[in-house]
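# Report on the structure
In case you want the letters, here they are:
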Amino acid sequence: MSVESSLQYQQDFFEHFNQAWQDKSSYQLYRGLDTTADNLRLPIEEAPGYILAYDKNAQQELQDFLQTRFIAFVREHIPFFEVSDDGRVFFGDWYHRRQFGELKPVSRTIAQYTDEEQAIIPQLQAFSQDPDNYLQLELEAMRKDVYRDVNRLQNQLETEMATQSEPQEAANGGFRGLLKTFIDPSDPDESQPSAPATPDKTKRLRQQFNQVKDQADHDFDAKKRQLEVSAAITRYEYQAVLSEYSSIEQFENVLSNLKTDFMAALKAEGGKQNA
Amino acid sequence: MLNLSDTKVKSIVASDLSPLDARNQVSAQYTQLAKNFANDPEWQTNQPAATSRLLSYTDLLAAKLMQAFAADNTIADNFLANVWPETVANDGTHSAIGFNLNRDGSNQTMFTISNPLDAEASLVANNLPTLLQVTAKEEADLGYSEQELTALSNMIKALYTANYTFKQLDDTVLQPVDQLTFKTKYDNNVTISSHAHVVEAGNIELQVALDAHDVVTGYHVFDDAGHDWMDLGSEDVGATDFTWESTTIPEELVGNDLELQVSVRSINNAPALDELFVIASSNAILMRQLAGDGRYELALPNKQSLTVTVHPETDTVTLHYPESTVQIYELNQLYPFLGEWLKSVSPKKPAFN
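All figures in this text were calculated on a predicted structure; none of them were measured in a lab.

## Describing the overall build of chain A
- The number of helices and strands found in chain A is 12 helices and four strands.
- Looking at chain A as a whole, 22% of its 275 residues are labelled buried.
- Sequence separation of at least 24 residues holds for 51% of the intrachain contacts in chain A that already meet a minimum separation of 6.

The structure is reproduced here in structure tokens:
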């Protein structure tokens, strides 16, 4: 481009952008931002700064204006999202509801910064695989994890005891009792192994086993409630999604098409004020 | 013995009274009479006379309640025909009306009004359907036919209009959901703590922040060896903090870390509500947290909302239901998760009935 055509382009651009601001036309403002970002290969978040000469107040004013319209759109577009006036997006209105993310009005997306927020979609995907057994599978996985050391010690103890004389093993029956405790850790410990006069190593192992198992039982109970509550939250979220969409995938599509759908909605409203 | 010449007694006997009016009028009459005798030196120590007097008025009230039941067309006549009130007075201040059901000549006491003439009267279940029975996996025999249960349930509703109420969740499921208040089996305490290093003997102050509604239930001040020094100072519970202060820290504690551990019942720690959340979610019923602290709402499919309020002061929870006469038994038939939850959070009892 020549200097003249370049300046002409800039002049036209700012005239348009100014007109869009005067008209309070979100659609035209976004068009201006998108064009600028495309032309200059800027990340879209930086376009307002470029256009507004990096003035913080002006950028904030533009952002606030765009945010109001974007919030209204998201509230209507995804009805089970509760969007606060400052742009935080909550999943539902139930007890223990989670924050899903934060609206980014310039990029027209929902940003997820925290691990908790980023975990929501994967949890929904996992839940949708097997809604009826989700909690059970989670509990099983947690049980395996919590009882890993118990398992290891149990194997050691088993090996140790197998090297001992046959009659002793048969006499006390503790071996079987031990197996039983291992198989069903939620059962009360009615049959702890209690062999008389065993070598020191076995005794030590057994003490260690009992200690580790008590701790594991305690941890299991504590984590069980957490998992139950967490699964209940995911179930609410899953039910909310399925009341609007046919699947979690469709919900993900809606999220990834948020910007396109928003722009289409603004365009449909035409050049109307505040559109 | 009743004075049948007394105009008030005559009026009570002759009028059709609601359960509430029956209770109020008979109690008022009896209370006045008892007061007169208590102030009379000739009579005040005469226990047998006082007991007999109380029994007469308890009898009168029982008869008036039976009359009110008969006038109540929600209580089936053929059921009521087999109900008879058994009155007792143990002394001049304690009496009771037991409601018996005659079954082929033998009696089953269903429930009792304890001290019916007293402002502190209460209902006590003797043989009424319990939570454990209605939530049992295999359908338990409740001891009554479906029709009998309806009549019995309405009889208790009639007594609730006279403010005769059960005091325990364990009593029966024939009590209203609304205003049901009970302790849960959980320990709702959480421990909050703070440390201070003792650099010199003498003064020290330890403090922890409290949330609104936190109720302090106890505290300790431990040294490194785990000895409790709480007696060495005094506590001050403020609106937003708890402070322990001592001016007599001995030389031997210098170099120790002192830890203040304060046990509080917090509105934010309610395992019973998490339990409800889990159960509600698995029944596809939405549970919301309401504005104001410690209040939760379940949006039932019948468009009514069941709300639960947590009270850290008394360590209890209270249920609210818009239709105040609906009993646990009735709501549990519609929504069995209610009984399931109540059973899972109510304190374990060694036996029932």
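Moving on from the coordinates now.
## Some remarks on the confidence of the model for chain A
- On average, chain A scores 87 in pLDDT, and the residues at 70 or more come to 86%.
- With pLDDT under 50 throughout, residues 187-191 of chain A is counted as low confidence; its partners more than four residues away or in other chains account for four contacts.

## Overview of the sheet that holds strand S6 (residues 189-197) of chain B
Residues and elements named next belong to chain B.
- In spatial order, the strands read S6-S11-S8; together these three strands make up an open sheet with antiparallel pairing. Looking at strand neighbours, the two that pair on one side only are S6 and strand S8 (215-222), the edges of this open sheet. When the angles between neighbouring strand axes are averaged without regard to direction, this sheet yields 20 degrees.
- Of the pairings in the sheet, the one linking S8 to strand S11 (residues 257-265) comprises seven bridges and is antiparallel in character.

## A closer look at the interface of chain B and chain A
- Every contact between the two is made by 12 residues of chain B and, on the other side, 11 residues of chain A.
- A per-class count over the side of chain B that touches chain A returns seven nonpolar, three polar and two charged.

## So, the pairing of strand S3 (residues 98-104) of chain A
Residue and element names in this part refer to chain A.
- In terms of strand pairing, strand S2 (residues 88-91) meets S3 through four bridges, oriented antiparallel. Across the sheet, the residue bridging to Val 89 is Gly 101, located in S3.
- Between S2 and the antiparallel strand that follows it, S3, lie six residues; Gly 92 among them carries a positive phi value of about 80 degrees.
- Direction of pairing for S3 relative to strand S4 (residues 109-111): antiparallel, over a ladder of three bridges. Its bridge partner lying in S4, Glu 102 is registered against Ala 111.

## Remarks on the pairing of strand S3 (residues 106-114) of chain B
All names here are of chain B.
- Where strand S2 (residues 95-103) and S3 come together, eight bridges link them in antiparallel fashion. Bridging across to S3, Asn 102 finds its partner in Asn 107.
- Taking the residues that link successive antiparallel strands as the turn, the S2-S3 hairpin has two residues, and the phi of Asp 104 there is positive, at about 50 degrees.
- For S3 and strand S4 (residues 122-125), the ladder comprises four bridges, and the chain directions are antiparallel. Bridge pairing in S4 places Ile 113 opposite Leu 123.

## Points about the sheet that holds strand S1 (residues 81-83) of chain A
Residue and element names in this part refer to chain A.
- Strand order across the open sheet formed by four strands is S1-S2-S3-S4, with antiparallel pairing between neighbours. The sheet terminates laterally at S1 and S4, the two strands that pair on one side only. The sheet shows a mean angle of 40 degrees between the axes of neighbouring strands, direction not considered.
- Against the sheet, helix H4 (residues 56-77) engages S1, S2 and S3, with an angle of about 160 degrees to S1.
- Against the sheet, helix H5 (residues 115-129) touches S2 and S3, its axis set at about 105 degrees to S3.

## A closer look at the packing of helix H7 (residues 271-282) of chain B against helix H9 (residues 336-345) of chain B
Residues and elements named next belong to chain B.
- For the pair H7 and H9, the least separation of the axes is 10 Å and the interaxial angle reads 150 degrees. The orientation of H7 relative to H9 falls into the category roughly antiparallel. When the axes of H7 and H9 are compared, the crossing they make is right-handed. Here Ala 272, Glu 275, Leu 276, Ile 279 and Ala 280 of H7 lie close against H9, whose contacting residues are Phe 337, Glu 340, Trp 341, Ser 344 and Val 345.
- Of the residues that constitute the contact of H7 with H9, the class distribution is seven nonpolar, one polar and two charged.

The rules we used
Residues numbered from 1 in each chain as written. Chains lettered and ligands numbered in written order. Predicted model: local features only at pLDDT ≥ 70, side-chain atom pairs only at ≥ 80, totals over all residues. Helix = DSSP H or I, 4+ residues; strand = E, 2+ residues; numbered from the N terminus. Buried ≥ 20, exposed ≤ 12 C-beta atoms within 10 Å, placed from the backbone. Contact = placed C-beta atoms within 7 Å. pLDDT = per-residue confidence, 0-100. Pairing = 2+ DSSP bridges. Axes fitted to C-alpha atoms, helices over the stretch in contact; angles between N-to-C directions. Nonpolar A, V, L, I, M, F, W, Y, C, P; charged D, E, K, R; others polar. Parallel < 35°, antiparallel > 145°, perpendicular 65-115°, else oblique. Left-handed = near helix turned anticlockwise from the far one by under 90°.

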